[in-house]
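# Structural overview for review
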Amino acid sequence: MLLVPCPNCGPRNASDMSYGGEPHSRPDPNTASPEQWRTYLYLRDNESGWITEKWYCSSGCRKHFKLERHTLTGELRNPPLPGNKTGGHK
Amino acid sequence: MGKHKSPARYSAAGLAWRGLRNKSWPRVWREPELKSAYDVVVIGGGIHGLATAYYLASNHAITNVAVVDKAYLGSGGSGRNTAIVRSNYLTPEGVAFYDRSLDLYNTMSTDLNINVMFSERGHMTLAHTDSALRTMNWRAEVNKLQGIDSSVIAPDEIKKLSPSLDTSPNTRYPILGALYHPPGGTIRHDAVVWGYARAADAYGVDLHQKTEVLDILCEGGAGPNGKGAGGKVTGVRTNRGDIHAPVVVNCTAGWASTIASMAGVRLPITTHPLQAAVTEPVKTFLPTVIVSGSLHVYVSQTDRGELVFGASVDPVANYDMKGTLEFTEELAGHVLELMPGLSKMRLMRQWAGLCDMTPDYSPVMGPTPVDGFLVDVGWGTYGFKAGPVSGEQMAACIAHESMPDLIAPFVLSRFTDGTLVGEKGAAAVGH
Ligand SMILES: Cc1cc2nc3c(=O)[nH]c(=O)nc-3n(C[C@H](O)[C@H](O)[C@H](O)COP(=O)(O)OP(=O)(O)OC[C@H]3O[C@@H](n4cnc5c(N)ncnc54)[C@H](O)[C@@H]3O)c2cc1C
Ligand SMILES: [Zn+2]
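Residues numbered from 1 in each chain as written. Chains lettered and ligands numbered in written order. Predicted model: local features only at pLDDT ≥ 70, side-chain atom pairs only at ≥ 80, totals over all residues.

## Thoughts on the overall build of chain A
Heads up, the condition is: For the purposes of this entry, the term helix denotes a DSSP run of H or I that reaches at least four residues, the term strand denotes a run of E that reaches at least two, and both are numbered from the N terminus. The exposure scheme places C-beta atoms from the backbone and then counts, for each residue, the other C-beta atoms within 10 Å of its own, assigning buried at 20 or more, exposed at 12 or fewer, and partly exposed in between. The contact criterion used is a C-beta to C-beta distance within 7 Å, with each C-beta placed from the backbone.
Along chain A, the regular secondary structure elements total 1 helix and 6 strands. Counting from the amino terminus, chain A carries its helices and strands in the arrangement β-β-β-α-β-β-β. Projected onto its principal axes, the C-alpha coordinates of chain A cover approximately 40 × 30 × 25 Å. Per-residue burial over chain A gives 10% buried out of 90 residues. Within chain A, contacts between residues separated by at least 24 positions form 45% of all contacts whose residues are at least 6 apart in sequence.

## With respect to the pairing of strand β16 (residues 307-310) of chain B
Residues and elements named next belong to chain B. Just so we agree on the cut-off: Here, any two strands with at least 2 DSSP bridges between them count as paired.
Taken together, the 3 bridges between strand β13 (residues 270-279) and β16 define a ladder with antiparallel strand orientation. In the sheet register, A277 faces β16, and the bridge partner there is F309. With 4 bridges connecting them, strand β15 (residues 297-301) and β16 associate as antiparallel partners. When the sheet's bridge partners are listed, Y298 is paired in β16 with G310. Taken together, β15 and the strand that follows it, β16, pair antiparallel across an intervening segment of 5 residues, in which G305 is found at a positive phi of about 105°.

## Focus on the interface of chain A and chain B
How big an interface is tends to be reported as the loss of accessible area on association of its parts. Just so we agree on the cut-off: As a working rule, the residues Ala, Val, Leu, Ile, Met, Phe, Trp, Tyr, Cys and Pro are called nonpolar, Asp, Glu, Lys and Arg charged, and the rest polar, with Gly in that last group.
In this assembly, 18 residues from chain A lie in contact with 20 residues from chain B. At the level of secondary structure, the elements contributing two or more residues to the side of chain A that touches chain B comprise β3 (18-21) and α1 (34-42) of chain A. Counted by class, the side of chain A that touches chain B contains 8 nonpolar, 6 polar and 4 charged residues.

## Points about the site of ligand 1
Residue and element names in this part refer to chain B. Using the following cut-off: Any residue whose C-beta atom, as set from the backbone, lies within 6 Å of a molecule or strand is reported as near that molecule or strand.
Surrounding ligand 1, one finds 40 residues, the nearest of these being G46, G76, G77, G353 and G383. Elements with a contribution of two residues or more to the shell around ligand 1: α2 (47-60), β13 and β17 (347-357). Classifying every residue of the shell around ligand 1 gives 17 nonpolar, 18 polar and 5 charged.

## What to know about helix α10 (residues 387-400) of chain B
Residues and elements named next belong to chain B. The following threshold applies: The span you would expect from a helix comes to 1.5 Å times its residue count less one.
With 14 residues, α10 should cover 20 Å at 1.5 Å per step; its first-to-last C-alpha distance of 20 Å lies within 8% of that length. Those residues of α10 lying buried are G387, P388, V389, S390, G391, E392, Q393, M394, A395, C397 and I398. Within two residues after α10, E401 carries a phi angle of roughly 50°, on the positive side.

## A short note on the confidence of the model for chain B
Stated precisely, the cut-off is as follows: pLDDT expresses, on a scale from 0 to 100, how confident the predictor is about each individual residue.
Of all residues in chain B, 98% have pLDDT values of 70 or greater, and the mean over the chain is 94. On the interface metric, ipTM, the complex scores 0.91, and its pTM is 0.95.

## A short note on the nonpolar core
What counts, and what does not: The nonpolar core criterion groups buried Ala, Val, Leu, Ile, Met, Phe, Trp, Tyr and Cys residues into a set whenever they are joined through C-beta atoms within 7 Å.
Among the nonpolar cores identified, the biggest contains 124 residues, and B:V40, B:V41, B:L50, B:Y196 and B:A200 are the most heavily contacted of them. Ranked by the residues each element gives to this core, the list is headed by α2(B), at 8 residues. In this view, B:A200 contacts B:L50, B:A53, B:Y54, B:A57, B:V205 and B:L207; residues no more than four positions away in its chain are not counted. The next biggest cluster of nonpolar side chains, apart from the first, holds 5 residues, and it includes A:V4, A:M17, A:F65 and A:L67.

## Description of the sheet that holds strand β5 (residues 64-70) of chain A
Residues and elements named next belong to chain A. The strand order across the open sheet built from 4 strands is β3-β4-β5-β6, with neighbouring strands paired in antiparallel fashion. Looking at the sheet topology across the chains shown, the edges are occupied by β3 and β6 (76-77). Of the pairings in the sheet, the one linking β5 to β6 comprises 2 bridges and is antiparallel in character. By the bridge assignment for β6, R69 is matched with L76.

Written out as structure tokens, the structure reads:
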């Protein structure tokens, strides 16, 4: 099973988590055109390679976090945390 | 324009003649030189790409066509599926479309002169909950209105058709009824792929294996290098050189987004692996195809006697085709809930393929914002059965430069116009 590194709990089975998919910033529903709104709802980059995605540690610390994953090799890594210049992979 | 060479015909007499004279069969398709220009380049040598090329040649006399595949023909979903065909979908658009495919499958063995082993054994979708039963009734009514043989049957009738099913009320998910579709069944997927390849080749279509598309050449578009909306396609760049073509068709299923992004087009698709498994062969006991949405499992028995199992897609988007242990474990558990008698059977093989999932479980076909760049993608877990009709209609779309009625509901622009064709109720585990 995919072992997902939660930044708080460490590696946990993917079955302990909820998968959130590609992060996209939501347009303002009051000003977005129907086309902008549907683009946000439906269109995806769906890249083969390193991607950034959302996970939710539903059976653990119940925090949402971002994860970097390689969709072909299965490698996983935590992106650097904000303000933490030494953390993460870079 | 006729066929430029007829392939060796397959027949019992031919088999006996070659057998007695110790003669082997000729190569099934040529290995042509890669030309620098074609009228149409089809990317993807699965059933959709090959059928599109075949119908371009046979129905519209467009034969200066190349099909390119990065690996071998049928290496994608077309060689990995569980070969279930049916037309009992949920929307009128879906039903009409898949029913045309069944028509084409019915005459395929003679049309393509290859035995595709189409077995109309009947297809049963079990309902374990009231809401599932409601959807089955809804589907049956939509189906009947369009002349499709499809009805809801009760547990005693289910037991008669498939005695190995546990239809008792004492199970965790008792079987409340089923949507029964007698014309549904299975087909030999490899034969279909090879049949289209051989027939297209006979018309002069060039099939290029081990030819990977690395980039799509565009001009005039709003994005970098002339890609993106408002531009037009001029060809493709492959590992074997550039090919010029005014029309490029993306038939790459699980890889569809990677090809579309080379033209600056975004698709409403995420790629998920779908796994399947097969047991050792046993004496035939399972006459129909059985699908259970609530238990996320479906099963059929091949002519050789193996049981073929499938489930729903892996939850996490991925381009990796590795099988997982949790799939086998879950599958076995659910299969035993349906058919406790199988507990001693051994699994022989397990594999995965990539599925191009769309938000409404319907495909994406026809033009894109880049002129000349067409798509026939979004086939998810159910696209093999749609191969023949898709090829026929995509060929008409290319030849007449307009969308035929049968596939007009599936245009890419429906996602920005908000006119989705919701097939989730009939396709999520249904295949
Ligand atoms: C386990 C499993 C079970 C299934 N069961 C059923 C079923 O019972 N019934 C049903 O109807 N459907 C089923 N499906 C779905 C069905 O297999 C697919 O929808 C269908 O085969 C898609 O066909 P295609 O021709 O569009 O794509 P594919 O057959 O996937 O072909 C795409 C081709 O594109 C090529 N390609 C990719 N990238 C490039 C590139 N850059 N350059 C050149 N070539 C490239 C690949 O090599 C591949 O050969 C199942 C799928 C799986 C995985
Ligand atoms: Zn956690």
